[in-house]
Amino acid sequence: MEVDQVVPLPRLPRVAVCGGTHGNELSGVYLVRELLKLQREVMKKEQEEDLKPASVLLVLSNPRAMQQCRRYVDTDLNRCFTHATLNGPLSDMAPYEIIRSRELNALLGPKGSPAAVDLVCDLHNTTANMGLCFIAYSDCDWICLHIFRHLQREMPDTPMRFLHFDVSNKESYSLDSVGKHGFAMEIGPQPHGVVRSNIYTAMKVGVQHMLDWVRLFNSGNVFEGGFVDVFTMVKHIDYPRDSETRNITAAIHPCLQDRDFCLLHPEDPLFQTFSGETVRYKGTEPLYPFFINECAYYEKGIALSLARKRRVTIPAIRVQTEQEQQPNEQGFASEEEE
Amino acid sequence: MSSYNNTARFSEARRVAIFGGTHGNEMSGVTLVNLWTKNGAEIQRKAVEAVPFITNPKAVEKCTRYVDTDLNRAFTPENLSSNRMSGNNLPYEVLRAQEINRIFGPKGSPEAYDVIFDLHNTTSNMGCTLILESSKDYFNLQMMNYIKKAMAPASCLVLLNEHPLLKYSTSRSVAKHPVGLEVGPQPQGVLRSNIFEAMRVILKHALDFIELFNEGVEFPPCTVEVFRVLERIDYPRDANGNIIAMVHPNLQDCDWEPLNPGDPMFQTFDGKTIHYQGSGTVYPTFINEAAYYEKQQAFITTRRETLVASAIKKA
């Protein structure tokens, strides 16, 4: 790409890293705790040496669920961030997570306003064999796509994919949608309630590279353009269930188990019933499966999800200069509208 | 040694129970018991009454390990004693333990069930494991020997927990011959097809053994390799009790493999290695089981031992 095609984007002065949005996804819980510990030590040093404080907000999103080592207490926190839920009426009997979502919106948002943090990275684990995934609502947020590409280059031995859920800003429901930019960093496989050292380390290294990228970006670095393979969610498939009890009557087929992002063709095995029969994929289009056998999705009626892959070209980007910054301060405009 | 020359006689093992859902989020057992409750053809054997039973239905419904307290630790003499007043103040699982003891026990009495299989899953990479509570239970040893031979070359190991302090009061302990089935790795709340099928096969062989025994087959003396529980090792913690290190990548998933003094054991969150300081080689298992974080257990150590069982025959 040529130099005059570099897209200038607003600075990212405030970044939030959130863990424990689901209280039993432990890599994020332990990583944010560890980063908080380090930050306290650095801040002590900075106070002594009178240095500028760090601008990374470290947040433990769902402390009550963390304390009980459960996904949530009353309702899934990571579905509570739609505009409607954040701004609707609040009863006395409101679920814990609804109250918490408003606190988080006040801390990191308000969602949709100029005061929102510039980037939210929300840390998650999955029981599915997905490696490291970015999950975002947009397939043209150059910031998120460039961060992803940076991680791909810095962590070549880590399987990494960019997942896109095509949900409008109005309907976006997860914590990462509160920031001006945001994505979930989802790493698996890890059982809920367990921290696996290899998964924790991948998350720690991934977050470090993300923060390094933000510093480089803010300092004026030009990031050259290129391409990213984006997986866009198409549909979910539920387990076969008993018509009366709604209990599942089959398990993910052994040929599909752990084969996230391996192309699924029509007639490939999907499930194996408890009486040994194979249930096959009846779609007409080959698609990429992911979130195969994620524990938390049994209750949401999802055995696996399916995605289409396409190559997205990303432009070269750099931070806006002070002069370029000024029109932004007058009105809040996102680069997606350019 | 001379005692092994005599054939031990046991009464017919007619009354057999299969427990699932003792921990409500261990899905293989829940699924198998529900399946067999609906259609028990697969578990039927001549002269055997095999009863499938969900021990902790409330926990199963919530897909959680337990509601108030761990059912698989609740079968203590104190909890089961008839002196204890039944009432609303008791934890749900204690009430369940009393109920289960009424149906399948009483524990320690002649009326107790002959055999109980208790189905469990673990997040640890333990493969197929049978859990034995007494090294003197020749009936169980012979059954486990039979299962291991039937499964070969697939592995099925035996964990012996006879440790006076670490042994606990399990749901299956109500029976004369308690057998724990532990299959992993499987995340809590998840049903993996291969794990489910493995547990199904173990039970098939176990029931085949009981049928043969009840028909009068004599099983000659045998030796069984077991792993005897030695001690529990907790995670390193800070002054507030918070975990400060994880199972080391070199140890993660290495259940049943030798751990030598000096080998890496834990890795702190900032990357430092903590080494095993024991005096000799041990065989760790239950490495990184999710449910044991709250029980102060990162893994347990075992030593290999060969047990001998005398011949057995129906009385």
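An unreviewed UniProt entry lists chain B under the name Aspartoacylase, with Oreochromis niloticus as the source organism. The UniProt entry for chain B carries the following text under Sequence similarities (unreviewed entry): "Belongs to the AspA/AstE family. Aspartoacylase subfamily."

An unreviewed UniProt entry lists chain A under the name N-acyl-aromatic-L-amino acid amidohydrolase, from Oreochromis niloticus. Entered under Sequence similarities (unreviewed entry) in the UniProt record, the comment concerning chain A runs "Belongs to the AspA/AstE family. Aspartoacylase subfamily."

Colleague: It is not clear to me how the domain arrangement of chain A should be interpreted in this structure. Could you clarify?
Modeller: Interface size is commonly expressed as the accessible area that is lost once the parts come together. All names here are of chain A. When the domains of chain A are assigned, the result is domain 1 (6-89 + 96-231) and domain 2 (234-311). Distance between the C-alpha centres of domain 1 and domain 2: 28 Å. In this complex, domain 1 contributes 23 residues to the contact, which on the side of domain 2 involves 19 residues. Regarding the contact of domain 1 and domain 2, the summed buried area is about 1800 Å², with carbon and sulfur atoms giving 56% of it. Of all residues in domain 1, the largest losses of buried area upon contact with domain 2 belong to Asn129, Asp229 and Phe231, amounting jointly to 27% of the total for that side. At the junction of domain 1 with domain 2, the criterion picks out three salt bridges. The partner of Arg311 in a salt bridge is Asp229, and the shortest N-O contact between them spans 2.9 Å. Along the contact surface separating domain 1 from domain 2 lie twelve residue pairs in polar contact (both at pLDDT 80 or more).

Colleague: What should I look at first to understand the interface of chain A and chain B in this one?
Modeller: Each partner contributes to the interface: chain A provides 26 residues, whereas chain B provides 28 residues. Here chain A and chain B share an interface that buries about 2300 Å² over both sides, 55% of which is from carbon and sulfur atoms. Looking at the side of chain A facing chain B, the largest losses of area belong to A:Tyr30, A:Ser197 and A:Phe274, adding up to 25% of the total buried there. Here A:Asp242 and B:Lys38 are joined by a salt bridge, their closest N and O atoms 3.2 Å apart. Where chain A packs against chain B, one counts twelve residue pairs in polar contact (both at pLDDT 80 or more). At four residues, helix 6 (residues 197-218) of chain A tops the list of elements feeding residues into the side of chain A that touches chain B.

Colleague: Whenever I open this one, the packing of helix 1 (residues 27-38) of chain B against helix 6 (residues 193-215) of chain B confuses me. Can you help?
Modeller: Residue and element names in this part refer to chain B. Close contact between helix 1 and helix 6 brings their axes to 9 Å; oriented N to C, the two are set at 60 degrees. When the axis of helix 1 is compared with that of helix 6, the two are oblique. The hand of the helix 1/helix 6 crossing is right-handed. In this structure, helix 1 contributes Ser28, Gly29, Thr31, Leu32, Leu35 and Trp36 to the contact, and helix 6 contributes Ile195, Phe196, Met199, Arg200 and Leu203. Looking at the contact of helix 1 with helix 6 residue by residue, the classes come out as seven nonpolar, three polar and one charged.

Colleague: Just checking my understanding: could you explain the side chain of B:His120 for this structure?
Modeller: Tracing the backbone shows B:His120 in strand 4 (residues 115-121). Relative accessible area serves as the criterion here: at 3%, B:His120 is assigned to the buried category.

Colleague: What is the right way to look at the UniProt feature "binding site: Zn(2+)" (unreviewed entry) in chain B in this model?
Modeller: Residue and element names in this part refer to chain B. Residues annotated in UniProt with the feature "binding site: Zn(2+)" (unreviewed entry) correspond here to His23, Glu26 and His120. These residues run over 98 residues, yet every pair of their C-alpha atoms falls within 7.4 Å of each other. Mapped onto the elements of the fold, His23 is located in the loop between strand 2 (15-20) and helix 1. In contact with His23, not counting residues within four places along its chain, are Thr64, Arg65, Asp70, Asn72 and His120. Its location among the elements puts Glu26 in the loop between strand 2 and helix 1. Exposure remark for Glu26: the relative accessible area of 4% places this residue in the buried category.

Colleague: Would you mind showing me how to read the sheet that holds strand 11 (residues 278-280) of chain A here?
Modeller: All names here are of chain A. Here we have three strands laid out as an open sheet, ordered 9-10-11, and antiparallel in their pairing. The sheet terminates laterally at strand 9 (250-252) and strand 11, the two strands that pair on one side only. Ignoring which end each strand starts from, the neighbouring axes of this sheet average 35 degrees apart. By the bridge criterion, three bridges tie strand 9 to strand 10 (residues 269-273) in an arrangement that is antiparallel. Bridging from a neighbouring strand, Ile252 pairs with Phe271 of strand 10.

Conventions and cut-offs
- Residues numbered from 1 in each chain as written.
- Chains lettered and ligands numbered in written order.
- Predicted model: local features only at pLDDT ≥ 70, side-chain atom pairs only at ≥ 80, totals over all residues.
- Heavy atoms only, no water.
- UniProt positions renumbered as here; feature names shortened; annotations may be inferred.
- Domains from an automatic or database assignment.
- Contact = heavy atoms within 4.5 Å.
- Buried area = accessible area lost by both parts, 1.4 Å probe.
- Salt bridge = Lys/Arg side-chain N within 4 Å of Asp/Glu carboxyl O.
- Polar contact = N/O pair within 3.5 Å; in protein donor to acceptor, adjacent residues only side chain to side chain.
- Helix = DSSP H or I, 4+ residues; strand = E, 2+ residues; numbered from the N terminus.
- Axes fitted to C-alpha atoms, helices over the stretch in contact; angles between N-to-C directions.
- Parallel < 35°, antiparallel > 145°, perpendicular 65-115°, else oblique.
- Left-handed = near helix turned anticlockwise from the far one by under 90°.
- Nonpolar A, V, L, I, M, F, W, Y, C, P; charged D, E, K, R; others polar.
- Buried < 20%, exposed > 50% of the residue type's maximum accessible area, 1.4 Å probe, protein only.
- Pairing = 2+ DSSP bridges.

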